[in-house]
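Here is what each chain is made of, one letter per residue.
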Amino acid sequence: MSDSPASVPGPPASPPSPAGPSALGRLADVPVLLVAVVWGSSYLAAKGVTTADTVPAVLVLRFGVVLPVLVVVGWRRLRALSGAQWRGAGVLGLILAGIFLLETYGVVHTSATNAGLIISLTMVFTPLAESRVRGVPLPGAFLAAAGLSVLGVALLTQGAGFTAPSGGDLLMLGAAVARTVHVLAMARMDAVRGADALSLTTVQLGSAVAVFAVLVTLPGTGASPWAAAADFDGDDWLGLVYLSVFCTLFAFFVQMWAVRRTSPSRVSLLLGTEPVWAAAVGIALAGDRPGWLGFVGAVLVLVGTGWGRSAADRDSGPKAEAEAEAEADQTTRTPRRHTSETSGTPGR
């Protein structure tokens, strides 16, 4: 379970030629698409490892494995962060902690298919919120796509007939809103602009893990990490390692690698296929059966988010190109446009 949802700072990528992406760019597509598949499967993996009584404990275990690796790999760059960058990343980490808590509690109480599709609404919420903040109207095509996506989610949660959405569905909706807040905060927070992506991610995760560690000490928050780990069987440990190594470390470093060999927008487009894989994994492996209303809703969500992404990208394309040219001489840059898949968060 990711974020969305960040273009990873790095040397400026060469623009694709009019004939299409280079052979190296197409080669970079393969691992990025694999990240989308891994993220899509992460909802089912988290559902298999976590119970309602072990959410904070599992989050401590999951990211406790990842954090030391990120600290060792990026130690020099961490030391180069200014005090303002540390504080800014720490605040973003508090938002990130809220995202992971909402997502993980949500996936425990809903299906993996619903979780993956509902969280994809971040791709709709973010441009809507950004438009409101900047006072810039969105094209009609995007608004139509947003309405289609919302209708799709309404149908998706009514697969067995028209009833109130489950608590898990509402938590995933809250996570999509929280991801939007995280993306906008990162884009508008002056303190973290220009910060190295690896260092920014490490501080955010450290802040989030601190929140989880405090939560597990409070009464009524469930098992401790040690108690949860003691109850794990072999499959649980495999699931935890999968979430830590593949859904977080592998995903983050593939983004860093790919964005230097292709374009941030291309990486974002490929990662945007995550909800497709989430639905496919949930239906094929978890036996999710959303009913005919749910299937119609799932299709509407996928079409709406894809259409909305395309409409928003067309509308912002000329401005993004001008900004990219203005920043092309910088050694390290933070892209102006952020999406749920490319917001500097480490993964799902």
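Note that the coordinates shown come from a computational prediction; the quantities given were computed from them, not determined experimentally.

1. A few points about the overall build of the protein chain
- Each helix and strand in the protein chain was counted, giving 14 helices and zero strands.
- Counting from the amino terminus, helix and strand elements in the protein chain follow one another as α-α-α-α-α-α-α-α-α-α-α-α-α-α.
- Sorting the 348 residues of the protein chain into buried and exposed places 54% on the buried side.
- If you sum the accessible surface of the protein chain, you get close to 14,700 Å²; carbon and sulfur atoms cover 68% of it.

2. A closer look at the pattern of salt bridges
- Inspection of every chain in the model, using the stated rule, returns four salt bridges.
- Residue Arg77 is joined to Asp196 by a salt bridge in which the shortest nitrogen-to-oxygen separation is 3.5 Å. Within this pair, whereas Arg77 is found in helix H3 (residues 75–79), its partner Asp196 is found in the loop between helix H8 (167–188) and helix H9 (197–215), the two being separated by 119 residues in sequence.
- Classification of Asp196 by relative accessible area gives buried; the value is 18%.
- Where Glu103 meets Arg179, a salt bridge forms, and the shortest distance between an N and an O atom there is 2.7 Å. Here Arg179 lies in helix H8 and Glu103 lies in helix H4 (residues 83–108), a separation of 76 residues in the sequence.
- For Glu103, a relative accessible area of 0% corresponds to the buried category.

3. Observations regarding the side chain of Thr54
- The topology assignment puts Thr54 in the loop between helix H1 (23–49) and helix H2 (55–73).
- A relative accessible area of 12% places Thr54 in the buried class.
- A distance of 2.9 Å separates a polar atom in the side chain of Thr54 from the backbone nitrogen of Thr51.
- Ignoring any residue separated from it by four or fewer positions in sequence, one finds Thr54 in contact with Val49, Ala223 and Ala228.

4. Describing the confidence of the model for the protein chain
- For the protein chain, per-residue confidence averages 81 on the pLDDT scale, and residues scoring 70 or more make up 80% of the total.
- Below a pLDDT of 50 lies the segment residues 3–20, which in the model reaches 55 contacts outside its immediate sequence neighbourhood of four places, other chains included.

5. Let's talk about the packing of aromatic side chains
- Under the defined criterion, the tally for this structure stands at six aromatic pairs.
- Ring geometry for Phe63 and Phe100: centres 4.7 Å apart, planes at 50 degrees, overall tilted. With Phe63 in helix H2 and Phe100 in helix H4, this pair connects stretches of sequence that are 37 residues apart.
- Residue Phe63 is classed as buried on the basis of its relative accessible area, which comes to 1%.
- Since its relative accessible area comes to 0%, Phe100 is described here as buried.
- With a centroid separation of 5.2 Å and an interplanar angle of 80 degrees, the aromatic rings of Phe232 and Trp237 are classed as edge-to-face.
- Note on Phe232: relative accessible area 12%, which makes it buried.
- By relative accessible area, which is 37% here, Trp237 ends up partly exposed.
- An aromatic cluster is built from Phe63, Phe100 and Phe212, whose rings are joined through pairwise contacts.

6. A look at the packing of H2 against helix H11 (residues 234–259)
- Contact pair H2 / H11: the axes reach a minimum separation of 9 Å and the direction vectors enclose 40 degrees. The two elements H2 and H11 meet at a crossing, and its hand is right-handed. On H11, the residues touching Val58, Leu61, Arg62, Phe63, Val65, Val66, Val69, Leu70 and Val73 of H2 are Leu240, Leu243, Ser244, Cys247, Thr248, Leu249 and Phe253.
- Looking at the contact of H2 with H11, its residues break down into 13 nonpolar, two polar and one charged.

7. Side note on the side chain of Asp29
- Summarising the element assignment, Asp29 is placed in helix H1.
- Relative accessible area serves as the criterion here: at 13%, Asp29 is assigned to the buried category.
- In contact with Asp29, other than residues within four places in its own chain, are Arg266 and Leu270.

8. With respect to a nonpolar patch on the surface
- The grouping of Leu33, Val276 and Trp277 at the surface amounts to a nonpolar patch, some 220 Å² of accessible area in total.
- Tracing the backbone through its elements, the reader meets Val276 in helix H13 (residues 274–284).

9. Description of the packing of helix H6 (residues 122–134) against helix H7 (residues 140–156)
- In the contact formed by H6 and H7, the axes pass within 10 Å of each other and the chain directions differ by 140 degrees. If you check the angle between H6 and H7, you find them oblique. Note that H6 runs across H7; the crossing there is left-handed. Facing Met123, Val124, Pro127 and Leu128 of H6, the residues of H7 in contact are Phe142, Leu143, Ala146 and Ser149.
- Across the contact of H6 with H7, the residue classes break down as seven nonpolar, one polar and no charged.

Calculation notes
- Residues numbered from 1 in each chain as written.
- Predicted model: local features only at pLDDT ≥ 70, side-chain atom pairs only at ≥ 80, totals over all residues.
- Heavy atoms only, no water.
- Helix = DSSP H or I, 4+ residues; strand = E, 2+ residues; numbered from the N terminus.
- Buried < 20%, exposed > 50% of the residue type's maximum accessible area, 1.4 Å probe, protein only.
- Areas by Shrake-Rupley, 256 points an atom, 1.4 Å probe, with all protein chains shown as cover.
- Salt bridge = Lys/Arg side-chain N within 4 Å of Asp/Glu carboxyl O.
- Polar contact = N/O pair within 3.5 Å; in protein donor to acceptor, adjacent residues only side chain to side chain.
- Contact = heavy atoms within 4.5 Å.
- pLDDT = per-residue confidence, 0-100.
- Phe/Tyr/Trp six-rings, centres within 6.5 Å; stacked < 30°, edge-to-face > 60°.
- Axes fitted to C-alpha atoms, helices over the stretch in contact; angles between N-to-C directions.
- Left-handed = near helix turned anticlockwise from the far one by under 90°.
- Nonpolar A, V, L, I, M, F, W, Y, C, P; charged D, E, K, R; others polar.
- Patch = residues over 30% accessible without salt bridge, like charges linked within 9 Å, V, L, I, M, F, W, Y side chains within 5 Å.
- Parallel < 35°, antiparallel > 145°, perpendicular 65-115°, else oblique.

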